[in-house]
Amino acid sequence: MSKHDVQCLWQAGAQLGEGPLWVAEQNRLYFVDLKNKTLHAVQADSGERHSWAFPDFICWLIARRDGDGFMAGLRDGIARVWLEPELRIEYLHRPFAEGSGLRMNDAKVDSTGRIWAGSMHNTDYAQAVGKLFRLEQDLMLHVADAGYHICNGPTFSLDGATMYHTDSFEGRTYAYPLSADGALGEPRVWRQFGEGEGSPDGMTVDSEGCVWIAQWGGSRVCRYSPAGELLDTIAVPVRNPASCTFGGADLKTLYITTASEDNTPEQLAAHPLTGAVFAVRVDVPGVPAARFG
């Protein structure tokens with residue numbers, strides 16, 4: 001049973017709420033509604049809301065170290081985007097063949113400033129055609145691994161030597177040795193999720209090196225030790241928590257995005273906050289999200 005007081009921050013009605021990003025200097029939380037082709041933001045102090053309509057799926061948003069716009073994953077590739085004074089998109093890579101049915105899905109930045117971004121088939125999750133890409137600071141794109149159904153995560157240990165990465169279709173999170181030059185070692189199964197737990201989705205780490213994972217279909221976000229031991233559970237009043245990140249001035253607010261897709265009409269009626277973004281205070285702070293560059 002969760003001891004946490006989970007608050008609804010914004011009933012956004014997201015079809016697929018993903019990619020929460022806290023930008024401290026703006027005191028702002030960004031998140032995407034991937035399949036509704038929309039980027040949202042909310043001010044933590046005033047509650048003021050902003051939204052930007054994109055021409056196609058927006059899968060993730062990552063801040064840049066130089067502060068000059070953002071990096072973004074779109075349906076068909078990776079781009080630079082600027083939100084002010086108006087939306088501007090500049091593609092950097094389009095790695096998918098036309099008509100392949102593939103799309104970007106989730107991404108994070110490691111401590112050196114490289115982006116790790118996964119892909120998947122948009123409709124047939126049984127196809128293990130997803131790849132894990134690594135985007136270097138010089139904008140060179142590499143395929144770091146392949147053979148995924150649904151790439152989710154990743155996140156990284158505090159020392160940068162381990163990358164946690166998930167194939168949600170398999171209900172499995174892997175731990176990869178990660179070298180300073182970006183090379184991945186042989187992965188091991190870090191945790192296999194069982195019946196009733198939900199499928200592991202988006203994740204983040206806290207300042208003690210513990211891993212927080214949103215569990216799709218499990219109505220919860222859980223905290224695990226670096227060894228994979230369950231330490232804490234936050235019950236979320238929807239079926240499909242999709243991702244999470246830390247924010248707030250002290251990084252002790254965990255923000256949780258959720259999704260309305262993969263719900264029956266009866267399930268939606270039973271969970272009226274489906275698609276909302278939630279905020280919950282926790283005892284152990286997170287760490288600032290790394291930035292590209």
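Preceding this section is the structure that the text describes.
Here is what the cut-offs are and how they apply
- Residues numbered from 1 in each chain as written.
- Predicted model: local features only at pLDDT ≥ 70, side-chain atom pairs only at ≥ 80, totals over all residues.
- Heavy atoms only, no water.
- Helix = DSSP H or I, 4+ residues; strand = E, 2+ residues; numbered from the N terminus.
- Buried < 20%, exposed > 50% of the residue type's maximum accessible area, 1.4 Å probe, protein only.
- Contact = heavy atoms within 4.5 Å.
- Areas by Shrake-Rupley, 256 points an atom, 1.4 Å probe, with all protein chains shown as cover.
- Lys, Arg positive; Asp, Glu negative; His and termini not counted.
- Charge placed at Lys NZ, Arg CZ, Asp CG, Glu CD.
- Pairing = 2+ DSSP bridges.
- Axes fitted to C-alpha atoms, helices over the stretch in contact; angles between N-to-C directions.
- Phe/Tyr/Trp six-rings, centres within 6.5 Å; stacked < 30°, edge-to-face > 60°.
- Lys NZ or Arg CZ within 6 Å of the ring centre and 35° of its normal.

**Student:** Lay out the overall build of the protein chain with the relevant residues and their values.
**Tutor:** Check the secondary structure of the protein chain and you find one helix and 24 strands. Viewed in the frame of its principal axes, the protein chain has a C-alpha envelope of about 45 × 45 × 40 Å. In the protein chain, which comprises 293 residues, the proportion classed as buried is 56%. Contacts spanning at least 24 positions in sequence make up 45% of the contacts within the protein chain whose residues lie at least 6 apart. Carbon and sulfur atoms provide 50% of the accessible area of the protein chain, an area that totals close to 11800 Å². Computed over 25 positive and 37 negative side-chain charges, the separation of the two mean positions in the protein chain equals 1 Å.

**Student:** Got a sec to walk through the sheet that holds strand β22 (residues 241-247)? Specific residues and values, please.
**Tutor:** One open sheet holds the four strands; their spatial order is β1-β24-β23-β22, and the pairing between them is antiparallel. Looking at which strands have only one partner, the edges of the open sheet turn out to be β1 (7-10) and β22. With direction set aside, neighbouring strand axes in the sheet form an average angle of 30 degrees. Of the strand pairs in this sheet, β1 and strand β24 (residues 277-281) are connected by three bridges, and their pairing is antiparallel. Bridge pairing in β24 places Q7 opposite A279.

**Student:** Describe the sheet that holds strand β17 (residues 188-192), and please don't skip the residues or the numbers.
**Tutor:** Read across the open sheet, the four strands follow the order β14-β15-β16-β17; overall the sheet is antiparallel. Across the chains shown, the open sheet's two edge strands, defined by having one partner strand only, are β14 (151-156) and β17. Averaged over all pairs of adjacent strands, the angle between their axes in this sheet comes to 25 degrees, without regard to strand direction. Summarising the sheet, strand β15 (residues 162-167) and strand β16 (residues 172-177) pair through six bridges and their orientation is antiparallel.

**Student:** Describe the side chain of Q43, listing the residues and the values that go with them.
**Tutor:** With respect to the element layout, Q43 can be found in strand β4 (residues 38-43). Excluding its chain neighbours within four sequence positions, the residues that come into contact with Q43 are Q26, N27, R28, E48 and H50.

**Student:** Give me the lowdown on the packing of aromatic side chains, citing residues and values where you can.
**Tutor:** The final tally for this structure, using the stated rule, is 10 aromatic pairs. Each ring, one from F193 and one from Y224, has its centre 5.8 Å from the other, and the planes form 85 degrees; the classification is edge-to-face. Of this pair, F193 sits in the loop between β17 and β18 (199-205) while Y224 is found in strand β20 (residues 220-224), placing the two residues 31 residues apart along the sequence. The exposure classification of F193 matches that of Y224, with both residues buried. Aromatic rings pair up to connect Y164, W190, F193 and Y224 into one cluster. The ring centre of F57 lies 3.8 Å from the NZ or CZ of R75, which sits over that ring. Just above the ring of W82 sits the side chain of R88; from NZ or CZ to the centre is 3.9 Å.

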